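Letter by letter, the chains look like this.
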Amino acid sequence: MANESKERNESALLKSSKEESNSKKEKSEKKNKKKRGGLIEYFKGVRLEMKKVVWPTSKELGSFTVVVLATCIAFALLFWGIDSGVLAAIRAVCF
């Protein structure tokens, strides 16, 4: 008898927790539908996110720019060297 009442209580708790989670899902779906706005809402969100951005200082920006330019030059020279080597090998074999 005691086991049966425990099982009933447990099943009742499971049902109530499932119903609560379903109702929470429905509420969140309704909120999502309400939140789905148009173009104006999108740009409001963009504006809010842009306020959160931590922009680099001018000193950091300068150093980042130097790193990017140096990397680009290094890879350009690397690819030029590889291209020239492959071209020279093809000319040596074919012509």
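Calculation notes
- Residues numbered from 1 in each chain as written.
- Predicted model: local features only at pLDDT ≥ 70, side-chain atom pairs only at ≥ 80, totals over all residues.
- Heavy atoms only, no water.
- Helix = DSSP H or I, 4+ residues; strand = E, 2+ residues; numbered from the N terminus.
- Buried < 20%, exposed > 50% of the residue type's maximum accessible area, 1.4 Å probe, protein only.
- Areas by Shrake-Rupley, 256 points an atom, 1.4 Å probe, with all protein chains shown as cover.
- pLDDT = per-residue confidence, 0-100.
- Expected span 1.5 Å × (residues − 1).
- Phe/Tyr/Trp six-rings, centres within 6.5 Å; stacked < 30°, edge-to-face > 60°.
- Patch = residues over 30% accessible without salt bridge, like charges linked within 9 Å, V, L, I, M, F, W, Y side chains within 5 Å.
- Salt bridge = Lys/Arg side-chain N within 4 Å of Asp/Glu carboxyl O.
- Polar contact = N/O pair within 3.5 Å; in protein donor to acceptor, adjacent residues only side chain to side chain.

Novice: Looking at this structure, how should I read the overall build of the protein chain?
Specialist: Counting its regular elements, the protein chain contains 3 helices and 0 strands. Counted from the first residue to the last, the protein chain has its helices and strands arranged as α-α-α. Burial analysis of the protein chain (95 residues in total) assigns 0% to the buried set. As displayed, the protein chain offers around 9,400 Å² of accessible surface, 65% of which is attributable to carbon and sulfur atoms.

Novice: Honestly, the confidence of the model for the protein chain in this entry has me stumped. Any pointers?
Specialist: Caution applies to low-pLDDT parts of the model: their predicted coordinates are not meant to be read in detail. Across the protein chain, pLDDT averages 82, with 62% of residues at or above 70. When the elements of the protein chain are averaged for pLDDT, helix H1 (residues 2-35) gives the smallest value, 61, and helix H3 (residues 58-94) the largest, 97.

Novice: Explain helix H2 (residues 39-52) to me, please; I cannot follow it from the model alone.
Specialist: Since one α-helical turn is 3.6 residues long, residues separated by three or four positions face the same way. With 14 residues, H2 extends 20 Å between its outermost C-alpha atoms, agreeing within 8% with the 20 Å of an ideal straight helix rising 1.5 Å per residue. Within H2, only 0 of the 14 residues are buried, which leaves the element largely exposed.

Novice: What's the story with the packing of aromatic side chains in this structure? I'm lost.
Specialist: Each aromatic ring pair is summarised here by two numbers: the centre-to-centre distance and the angle between the ring planes. If you walk through the whole model with that rule in mind, you get 2 aromatic pairs. An angle of 75° between the planes, with centres 5.2 Å apart, marks the rings of Tyr42 and Phe43 as edge-to-face. With a relative accessible area of 52%, Tyr42 lands in the exposed category. With 6.1 Å between their ring centres and 35° between their planes, Phe75 and Phe79 make a pair best called tilted. With Phe75 and Phe79 both in helix H3 and 4 residues apart, the pair spans about one turn of that helix.

Novice: Looking at this structure, how should I read a nonpolar patch on the surface?
Specialist: Together, Leu39, Tyr42, Phe43, Val46, Met50, Val53 and Trp55 make up an exposed nonpolar region whose accessible area comes to about 750 Å². On the secondary structure map, Met50 appears in helix H2.

Novice: Sorry if this is basic, but what is going on with the pattern of salt bridges here?
Specialist: Note on pairing: side chains with opposite charge can pair once their charged atoms come close. Evaluation of the coordinates by the stated rule reveals 2 salt bridges. Residue Glu41 pairs with Lys44 through a salt bridge whose shortest N-O separation is 3.9 Å. A residue pair is termed a helical-turn pair when its members lie 3 or 4 positions apart in one helix, as Glu41 and Lys44 do in helix H2 at 3 residues. As a salt-bridge pair, Lys52 and Glu49 come within 3.3 Å of each other at their nearest N and O atoms. One end of the pair, Lys52, and the other, Glu49, are both in helix H2, 3 residues apart, so they sit about a helical turn from each other. Lys52 gets classed as exposed once you look at its relative accessible area, which sits at 59%. Using a relative accessible area of 46% as the deciding quantity, one classes Glu49 as partly exposed.

Novice: What's the story with the environment of Thr65 in this structure? I'm lost.
Specialist: With respect to the helices and strands, Thr65 occurs in helix H3. There is a polar contact of 2.7 Å between the side chain of Thr65 and the backbone oxygen of Leu61.

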